[in-house]
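So the chains spell out like this:
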Amino acid sequence: MKIIHISAECYPIAKVGGLADVVGALPKYQNSLKSDSSVVMPFYNYKFTQTNTFDEVYRGQLQLGFQSQEYRILSLSKNELGYELFCVDIPYLLHTSHVYSDNDTYRFMAFQIAALDWILQFKNKPEIVHCHDHHSGLIPFMMAHCYKYEDLRGIPTIFTIHNGQYQGWFGHDKIPLLPAFDSNNFGLLDWNGMINPMAAAIKCAWKVTTVSPSYLEELMYEANGLESLLRQERHKSIGILNGIDSEVWNPNKDSYIEKNFTLRSVKNGKAANKKYLCDTFNLDINKPLFTFIGRLVEEKAADLLPSVFREVLSSGKVNVLILGSGSDHVEGQLNSLKSHFSGLYNAYIGYNEKLAHTIYAGADFLLMPSRIEPCGLNQMYALRYGTVPVVHRVGGLQDTVLDIGDGGFGICHDQVSVSSIVHAISRAYDFYNEEKSFAENRKTIMQIDHSWDKSAKTYIDLYKYIK
Ligand code: GLC
């Protein structure tokens, strides 16, 4: 089956968050199930695009309103990704050193139109077009209703919601940028007086998926304004839990970490990685190491972290190491804690893939107090590296972490507040001190299978069902 994934991010080419990890792994696993999945994304100016060779496979003329612009489709030459990679090259809009910016309406509209124009002239058309998040959300509408794409009308479209908070709204004045369509269908683009690419995709895609079953249920009540729409389209929606790329995330083969380990060598392996972290970040090896990795934004409850850390670090019993970036305010507060709790606390503000891997390998606990978590991949990476997740019971976190009090292996809390996170940390601390069961638990969690095998097949079954 010929499947095209369309996305703004794809690991290892350009990553901002979990979207990249999913789009970088799912096609590979689908191809191992004998499908022909490829990825189409923008050609950004990133290290990957600078250091790899691409071949031009198509050159076209893009019409964006009255503006006409040449664009190219580039294909990665020496490709070891496990799927074909195509990039839409529109230098003045997309050849940037960031994925997202203030000008995203134009950028992603151009990207989507160019991608569809290219697909339109295929002799051998795809059997499925799978769009991810609002950056490709206009595609299901355009395929169904723009005159120009009439030949693509019979191809089923799937839209996956990785994060319903971001919807890509823009004003009606930009409608003329889209290829012509019957104005009776205008309502499919509109939501509350704005053009809303995520809403348009939910209305027009043949199937809508969310990245965990619990998140789909939550969206019925909390979807940043789209609740009633999601309820209305519930019949064509399904929650499919993300997997992780267990080749990239394998503590026994991971070239980023200080010392590789297996189930049998987990004790020494984690100790060596923890020692590296403690030496590098001036932490105390004899105390449990809690970490937070991710975007420092409200959605992830990062705004509560400074108060949480102030409280737990005052006890002098735990270490904390942060890796992430986001709100200036939170970054500032997290930086300022360094001098107060030197020897027990440190923060690396920024993005660092190697350090992230080493932290999963060396930490004892990973904190994910997210207010909203559509799936969350970090808790699954943590499990695979023997690090116990401490999570808010929400979205995908709820679908993947079971509390030790319920016969499970992690720590869960029901509220997102400083006191409930502090309480969860203190439960984690007690658990750490039950040395024998803590050590056994490490082995249990490392064996939980969150690889893509199962979910990649669920997607394929879904494609087959709608075809
Ligand atoms: C988004 C969500 C995250 C999810 C990821 C991949 O980043 O916030 O929860 O794991 O997409 O689907």
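The structure this text deals with has already been given above.
As the structure is a computational prediction, the values presented were derived from the model and not from experiment.

Draft legend 1. Quick look at the overall build of the protein chain. Tallying secondary structure elements over the protein chain gives 17 helices and 17 strands in all. A compact globule built from 467 residues would reach a C-alpha radius of gyration of about 23 Å, and the protein chain, at 23 Å, matches this within 12%. If one aligns the C-alpha atoms of the protein chain with their principal axes, the spans along those axes are about 65 × 45 × 40 Å. Counting only residues that meet the buried cut, the protein chain has 60% of its 467 residues in that class. A separation threshold of at least 6 residues defines the contact pool for the protein chain, and within that pool the share at least 24 residues apart is 71%. Accessible surface, the protein chain: about 18600 Å² in total, of which carbon and sulfur atoms supply 49%. The positive charge centre, built from 44 side chains, and the negative charge centre, built from 50, are 5 Å apart in the protein chain.

Draft legend 2. Focus on the sheet that holds strand S10 (residues 207-210). Across the sheet, which stays open at both edges, the nine strands sit in the order S3-S4-S5-S2-S1-S6-S7-S10-S11 with mixed pairing between neighbours. Either end of the sheet is taken by a strand with one partner, and the two such strands are strand S3 (54-64) and strand S11 (237-239). The sheet shows a mean angle of 25° between the axes of neighbouring strands, direction not considered. Strand direction decides the pairing type here: strand S6 (residues 128-132) and strand S7 (residues 157-161), joined by four bridges, are parallel. Across the sheet, residue Cys131 finds its bridge partner in S7, namely Phe159.

Definitions and limits used
Sequence order as written defines the numbering, with residues in each chain counted from 1. For a predicted model such as this one, the threshold for reporting local features is a pLDDT of at least 70, and the threshold for listing and counting side-chain atom pairs is 80 or more; totals across whole chains, interfaces and linings nevertheless cover every residue. Side-chain figures throughout are based on the complete set of non-hydrogen atoms in the structure, without hydrogens or water. A run of DSSP states H or I qualifies as a helix once it reaches four residues; a run of E qualifies as a strand once it reaches two. Both are numbered from the N-terminal end. Here the radius of gyration uses the C-alpha set of atoms, whereas the globule reference equals 2.2 Å times the residue count to the power 0.38. Throughout, exposure labels follow a simple rule: accessible area from a 1.4 Å probe, protein chains only, divided by the maximum for the residue type, with under 20% read as buried, over 50% as exposed, and the rest as partly exposed. Here, two residues are considered to be in contact whenever any of their heavy atoms come within 4.5 Å of each other. Each accessible area is a Shrake-Rupley estimate made with a 1.4 Å probe; only the visible protein chains count as cover when residues are assessed. In this tally Asp and Glu are treated as negative and Lys and Arg as positive; neither His nor the chain ends contributes. Where a charge sits is defined by one atom per residue type, namely NZ (Lys), CZ (Arg), CG (Asp) or CD (Glu). Strand pairing requires that DSSP identify at least two bridges connecting the strands. All axes are obtained by fitting lines to C-alpha atoms, using only the stretch in contact for helices, and the reported angles, taken between N-to-C directions, cover 0 to 180 degrees.

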